[in-house]
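# Structural characterization, general
The residues making up each chain are set out below.
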Amino acid sequence: MNILKKSFKKSIWVFHLSTAACNNCDIEVLELLTPRYDVERFGIKLVGSPRHADALLVCGSVNAHAKPRLIEVYRQTPKPCLVIAFGSCGCSSGIFRGSYSVVGPVDKVLKEVDPEVKIVYVPGCPPKPEAMIEGIIMGLGAI
Ligand code: SF4
C-alpha cells in the first residue's frame, strides 16, 4: 500500500478509548504524538469525539463497567469505521483474561452489536508505536 498516496487522499482521525487497561498502552498511544513519531505528518490525528472519528483505538481488556461505554462509543462513530484492538488486552484480554470482571476482549463485545465490525489487531504488552502505525496503515485498506 502506498501510504503517502493514502495519507494525502484522506486523513484518518482516531478516537482513543481505554476499557480497563493498565494505562501502559495509553502512554504508548501518546508517544505517537511526540516529535519522534509525529503521526500527524501521515494525516493520522487523535480527535476528542467519536463522532469525528474514522477509527477507534481501544486499549484494555473490557470489563463489565466499560462494556456499555465501548458499545455506545462504537454506535456514535460514523460507519464505516475501523476498530484497532490495541495491546494484548485489547486483542485477547491479555493477563486479565478469566478475571471475574472481564467480559472482553474488544472483538467479542463489538461483534455482539455489529457482526460486520472491521477490526485490526495490534498485539504486544504494550505494543511499540511503530506497531500501531502499521496497524492503522493496514486498516486503511479495510475502510
Ligand atoms: S496489553 Fe499490557 S500494557 Fe497494555 S493494557 Fe494490557 S497489561 Fe497494560
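Just above sits the structure.
Our subject in this report is the structure included herewith. This one's a predicted model, so the numbers in the text were calculated from it and none came from an experiment.

### Some points on the nonpolar core
Counting residues in hydrophobic clusters, the biggest one holds 21 residues, and the most contacted among them are Ile-44, Leu-57, Ile-84, Phe-86, Met-132 and Ile-136. Where this core is concerned, the elements lending two or more residues are strand E1 (12-18), helix H2 (24-31), strand E3 (55-59), strand E4 (82-86), strand E5 (118-122) and helix H6 (129-140). If you tally residues by element for this core, the top one is H6, at 4 residues. Those residues within four positions of Phe-86 in sequence are excluded, and the remaining contacts are Cys-25, Glu-28, Val-29, Leu-57, Val-58, Cys-59, Gly-60, Val-122, Pro-127 and Met-132.

### So, the sheet that holds E4
Within the open sheet, the 5 strands sit side by side as E2-E1-E3-E4-E5. Their pairing is parallel. The sheet terminates laterally at strand E2 (44-46) and E5, the two strands that pair on one side only. Geometrically, the sheet is characterised by an average inter-axis angle of 25 degrees between neighbouring strands, direction not taken into account. Where E1 and E3 come together, 5 bridges link them in parallel fashion. Each residue of the ladder has a partner; that of His-16, found in E3, is Leu-57. On the sheet, H2 packs against E1, E2, E3 and E4 and is oriented at approximately 140 degrees with respect to E3.

Basis of the calculations
- Residues numbered from 1 in each chain as written.
- Predicted model: local features only at pLDDT ≥ 70, side-chain atom pairs only at ≥ 80, totals over all residues.
- Heavy atoms only, no water.
- Core = buried A, V, L, I, M, F, W, Y, C linked by side-chain atoms within 4.5 Å.
- Buried < 20%, exposed > 50% of the residue type's maximum accessible area, 1.4 Å probe, protein only.
- Helix = DSSP H or I, 4+ residues; strand = E, 2+ residues; numbered from the N terminus.
- Contact = heavy atoms within 4.5 Å.
- Pairing = 2+ DSSP bridges.
- Axes fitted to C-alpha atoms, helices over the stretch in contact; angles between N-to-C directions.

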